[in-house]
Amino acid sequence: MQPVQRHILHAHFHGNARDDPELYQHLLELLENISPRVQALEPDGAQMDLTGALRYFDRSPRDIAELIRLRVVALHGVQVTLAIAGNRLLAGMAAAVTPPGDITVIGPDPHDIAMFLRPQPVSALPGVGPATVKTLTRHGLHRVGDLADAPLLTTQRLLGATTGRALYDLAHGRDPRPVTPQPVARSITSEHLFDRDELDPDQHRRVLLGLSDQLASRLRSQAQIAGALFLTARYADHSASTRTRSLPEASAHGDDIRAAAYELYAALGLQRARVRSLTLRAEQLRPAHTAAHQMSLDQVRENRLAIEPAIDKANARFGPGAVRPASLAAKLRGRDV
């Protein structure tokens, strides 16, 4: 029996979709009226599996895309870029190079896939960041086609066994990930209320370390990753300041959350302000399995990532905070709420 040919659509909404959660939800519902298999890619994208919808509507993939574009514009006045391909990898890459408001369809023919994929720069593959690009280009692998032609063992020697295999599959256009509808919480918040108005920046940073550790642990326990952080400082006079920062890559890794939190704190420029509470909020949440992880060549980072599941298990067994950063061993002057 021949396997069913999948048709995955990637939608990127323009206009106010990024900044208007209610509008974004309406756009997702519009897609769900075509096919129930819709996976949100917050804050302004989505992927959907059209395979069943093609039979139901008895239309071609491009016809379905035209229908979606017409409905999005007519009902919500929003421009949308659409791309359709045989898997999530190709659909996402095609959408990234499609002009705003246009439609791209990559057929199932291997020649058509190769014609699209091979000329792309290696940086276009999901999870390939600057460090990996530098390593590949230093060895003459500038395009996806170069990477596809390289022997698997060569790629693994350059990048490691796991990363090399993953990139080798991507370069050949292989991506078995299904479109998985999965609602997630809009945000997760951790807050610390000081017993007294706190002037000491060192105490502020220690609190941020604890909040970051707690927030990252909660994200991992719910199998979610965050795309943005918000830090709110409330002062003795009941006023407040908030700063926000998008993460370079959606993450639930403690180091990533902590680095962003410290950057937000520096941006507040408190300068001996009397702080009553600090609140750290993770937003733009999505399921962890949807992440296109940056493939790191930093072994220290990889080791820290590997140990986090063990820390989470220990804290689940012996209670929150059983394993935590050493600098938090001394009791903070304050309490968590």
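Structure: see above.
Residues numbered from 1 in each chain as written. Predicted model: local features only at pLDDT ≥ 70, side-chain atom pairs only at ≥ 80, totals over all residues. Heavy atoms only, no water.

Some points on the pattern of salt bridges
Then, number 1: With the rule as written, the count across this model stands at 10 salt bridges.
Then, number 2: For the salt bridge of arginine 177 with aspartate 175, the shortest nitrogen-to-oxygen distance reads 2.8 Å.
Then, number 3: The class of aspartate 175 is buried, set by a relative accessible area of 9%.
Then, number 4: One network of salt bridges, in which partners are shared, links Arg165, Asp169 and Arg174. (Salt bridge = Lys/Arg side-chain N within 4 Å of Asp/Glu carboxyl O. Buried < 20%, exposed > 50% of the residue type's maximum accessible area, 1.4 Å probe, protein only.)

Quick word on the sheet that holds strand β1 (residues 8–13)
Then, number 1: Read from one edge of the open sheet, five strands run β2-β3-β1-β4-β5, paired in mixed fashion. Since the sheet does not close on itself, it has two edges, and those belong to β2 (38–41) and β5 (103–105), each with one partner. The mean inter-strand angle of the sheet, taken between neighbouring strand axes irrespective of direction, is 15°.
Then, number 2: Pairing between β1 and strand β4 (residues 80–85): six bridges, direction antiparallel. Bridge pairing in β4 links histidine 10 to alanine 83.
Then, number 3: With respect to the sheet, helix α3 (residues 61–76) is in contact with β1, β3 (45–49), β4 and β5, its orientation differing from that of β4 by roughly 160°. (Pairing = 2+ DSSP bridges. Helix = DSSP H or I, 4+ residues; strand = E, 2+ residues; numbered from the N terminus. Axes fitted to C-alpha atoms, helices over the stretch in contact; angles between N-to-C directions. Contact = heavy atoms within 4.5 Å.)

Describing the pairing of β2
Then, number 1: Across four bridges, the pairing between β2 and β3 is antiparallel. Each bridged residue has a counterpart across the sheet, and for alanine 40 the counterpart in β3 is alanine 46.
Then, number 2: Linking β2 to β3, which pair antiparallel, is a turn of three residues.

Comments concerning the pairing of β3
Then, number 1: Among the five residues of β3, five are classified as buried, and the element is accordingly described as predominantly covered.
Then, number 2: Burial along β3 is two-sided: the face carrying Gly45, Gln47 and Asp49 and the face carrying Ala46 and Met48 are both buried.
Then, number 3: Summarising the sheet, β1 and β3 pair through five bridges and their orientation is antiparallel. When the sheet's bridge partners are listed, leucine 9 is paired in β3 with methionine 48.

Some thoughts on the packing of aromatic side chains
To describe a pair of aromatic rings, one takes the distance between the centres and the angle between the planes.
Then, number 1: Applying the stated rule across the entire model yields one aromatic pair.
Then, number 2: Judged by centre distance (5.1 Å) and plane angle (80°), the rings of tyrosine 56 and phenylalanine 57 are edge-to-face.
Then, number 3: Relative accessible area serves as the criterion here: at 68%, tyrosine 56 is assigned to the exposed category.
Then, number 4: Its end group placed over the ring of tyrosine 262, arginine 205 keeps NZ or CZ at 4.1 Å from the ring centre.
Then, number 5: Lying across the ring of phenylalanine 230, arginine 281 places its NZ or CZ 4.4 Å from the centre. (Phe/Tyr/Trp six-rings, centres within 6.5 Å; stacked < 30°, edge-to-face > 60°. Lys NZ or Arg CZ within 6 Å of the ring centre and 35° of its normal.)

Structural notes on unusual backbone geometry
Then, number 1: Although it is not a glycine, alanine 223 adopts a positive phi angle of roughly 55°.
Then, number 2: By secondary structure assignment, the location of alanine 223 is in the loop between α10 (201–221) and β7 (224–235).
Then, number 3: On the basis of relative accessibility, which here comes to 40%, the residue alanine 223 falls in the partly exposed class.
Then, number 4: Although it is not a glycine, glutamine 284 sits at a positive phi angle of roughly 55°.
Then, number 5: Here glutamine 284 lies in the loop between β9 (275–283) and β10 (286–287).
Then, number 6: For glutamine 284, a relative accessible area of 27% puts it in the partly exposed group.

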